[in-house]
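Survey of secondary and tertiary structure
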Amino acid sequence: MCGRYAATANPEELAEEFDVEVLADGVSEVAGARFNIAPTDLVPAVVERERGDAVTRSLVPLRWGLVPSWAKAPTTTMINARVETVTEKPAFRKAAAARRCLLPALGYYEWRSEVRPESGPKAIKQPYFLAARDGLLAMAGLYEFWRGPDGWLASTTIITTTATDDLGWVHDRMPMSVPREAWDDWLDPALTDAAHAVTLLRPPALATPYPVSRAVSRVGNDGPQLIDPLPE
DNA sequence: CCAGACGTTGTT
DNA sequence: GTCTGG
DNA sequence: CCAGACGTTGTT
DNA sequence: GTCTGG
């Protein structure tokens, strides 16, 4: 699955890379060097919205953890959506048909329960970093709006699938990615056939996972050292 | 009809 | 909002 | 995802 | 054990 990730590109780099026309208010505060993005954080996302008869591609901040429009209060549980069922589940299917997004990432983390020499007989949760092979992972996301007492909340979830054989030893789920040639269709709000949209998705091209410091396990920690390979 | 759920993951 | 279970 | 909190009454 | 916060 994907429950923690790194994204380091600044707004200008993302605008260039994804052909974004508009940088939304607040997005400069959430896009930049971040190595420990956690659920409930605001994350940079690429979306397309219709304004009049024109479609505008924007970089916007979204809260990670999708809150359905009918939710009584914001929740954190829907950080992932299974690709196998995303077009059917009431919480996701409208977003799958109308509100798809891209979540740019450098890579993401997985934890494995391991017994290590220095930890004695007890298992520890060892984090691994899974880096995009070419330095940019466009994760497939959905977003949704929720109206609370203090206004609108826009939130997002990452679509997941079964891990490929080479990654299964770390974890049995992984995020779906959107290949560059499919970005336009994936984002196009006129493409309302969700079942077709998910056929655009592919497993991400990742480097070999490697263990990193457990510092990443604390959400308050950040910095490039979090993705340094763990010394022996 | 109304009431209640609506999600994923990991772990045991 | 919409579907499912009762 | 992981880390950290989790609570009220009556009184040793 | 389970929920909340980040």
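Placed above this text is the structure.
Small disclaimer: the values here were computed from a predicted structure and weren't measured.

Re the nonpolar core
Judged by nonpolar contacts, the single largest core of 35 residues is most densely connected at Phe18, Leu102, Leu142, Ile159, Val178, Trp186 and Leu201. What Leu102 contacts, discounting residues up to four positions off in sequence, is Phe18, Pro44, Ala45, Val46, Ala138, Met139, Val178, Trp183, Trp186 and Leu187. Counting 26 residues, the second largest nonpolar core, distinct from the first, contains Ala7, Trp64, Met139 and Met174.

Focus on helix α1 (residues 11-18)
Residues Pro11, Leu14, Ala15 and Phe18 constitute the buried set of α1. Buried residues in α1, looked at end-on, bunch into an arc of 100°, giving them a common side. Turned more than 90 degrees from where α1 packs its buried face, Glu12 and Glu16 sit exposed. Its side-chain oxygen placed 3.1 Å from the backbone nitrogen of Glu12, Asn10 serves as the N-cap of α1.

Some points on the side chain of Thr156
For Thr156, the location among the structural elements is in strand β11 (residues 151-162). Dropping the residues within four chain positions of it, Thr156 is found in contact with Val43, Leu62, Arg63, Trp64, Gly65, Leu66, Met78, Cys101, Leu103, Leu142 and Tyr143.

Looking at the protein's contact with DNA strand D
Near DNA strand D, the surroundings consist of Met1, Gly3, Arg4, Pro39, Ile79, Trp111, Lys125, Ser217 and Arg218. Looking at DNA strand D alone, sugar and phosphate atoms form 72% of those within 4 Å of the protein. Here Arg218 contributes a side-chain N or O atom positioned 2.5 Å from a phosphate oxygen of DNA strand D. Of the residues in the surface near DNA strand D, the class split is 4 nonpolar, 2 polar and 3 charged.

Brief notes about the protein's contact with DNA strand C
Around DNA strand C lies a shell formed by Trp70, Arg93 and Lys94. The sugar and phosphate moieties of DNA strand C supply 47% of its atoms located within 4 Å of the protein. Taking Arg93, its side chain carries an N or O atom lying 2.9 Å from a phosphate oxygen of DNA strand C. Within the contact set of DNA strand C, a sugar or linking oxygen lies 3.3 Å away from a side-chain nitrogen or oxygen of Lys94.

Looking at the environment of Met176
Mapped onto the elements, Met176 comes out in the loop between β12 (173-175) and α4 (183-187). Separated by 18 residues in sequence, Met176 and Ile158 place their C-alpha atoms 7.8 Å apart. Dropping the residues within four chain positions of it, Met176 is found in contact with Val83, Ala138, Met139, Ala140, Ile159, Thr160, Thr161, Leu201, Arg202 and Pro203.

A short note on unusual backbone geometry
Even without being a glycine, Asp19 presents a positive backbone phi close to 60°. Summarising the element assignment, Asp19 is placed in the loop between α1 and β2 (22-23). The backbone of Thr40 sits at a positive phi, close to 85°, despite the residue not being glycine. Tracing the sequence through the fold places Thr40 in the loop between β3 (34-37) and β4 (42-51). Exposure remark for Thr40: the relative accessible area of 39% places this residue in the partly exposed category.

A few points about the pattern of salt bridges
Considering all chains together, one arrives at 8 salt bridges under this definition. In this structure, Arg99 and Glu144 form a salt bridge, with 2.9 Å as the shortest nitrogen-oxygen distance. With Arg99 in the loop between α3 (93-98) and β7 (100-105) and Glu144 in strand β10 (residues 137-148), this residue pair connects regions lying 45 residues apart in the sequence. Like Glu144, Arg99 is buried. Each of Glu48, Arg57 and Asp184 takes part in salt bridges that share partners, so that together they form one network.

Cut-off values and rules
Residues numbered from 1 in each chain as written. Chains lettered and ligands numbered in written order. Predicted model: local features only at pLDDT ≥ 70, side-chain atom pairs only at ≥ 80, totals over all residues. Heavy atoms only, no water. Core = buried A, V, L, I, M, F, W, Y, C linked by side-chain atoms within 4.5 Å. Buried < 20%, exposed > 50% of the residue type's maximum accessible area, 1.4 Å probe, protein only. Contact = heavy atoms within 4.5 Å. Helix = DSSP H or I, 4+ residues; strand = E, 2+ residues; numbered from the N terminus. Arc of directions from axis to C-beta. Polar contact = N/O pair within 3.5 Å; in protein donor to acceptor, adjacent residues only side chain to side chain. Near = heavy atom within 4 Å. Nonpolar A, V, L, I, M, F, W, Y, C, P; charged D, E, K, R; others polar. Salt bridge = Lys/Arg side-chain N within 4 Å of Asp/Glu carboxyl O.

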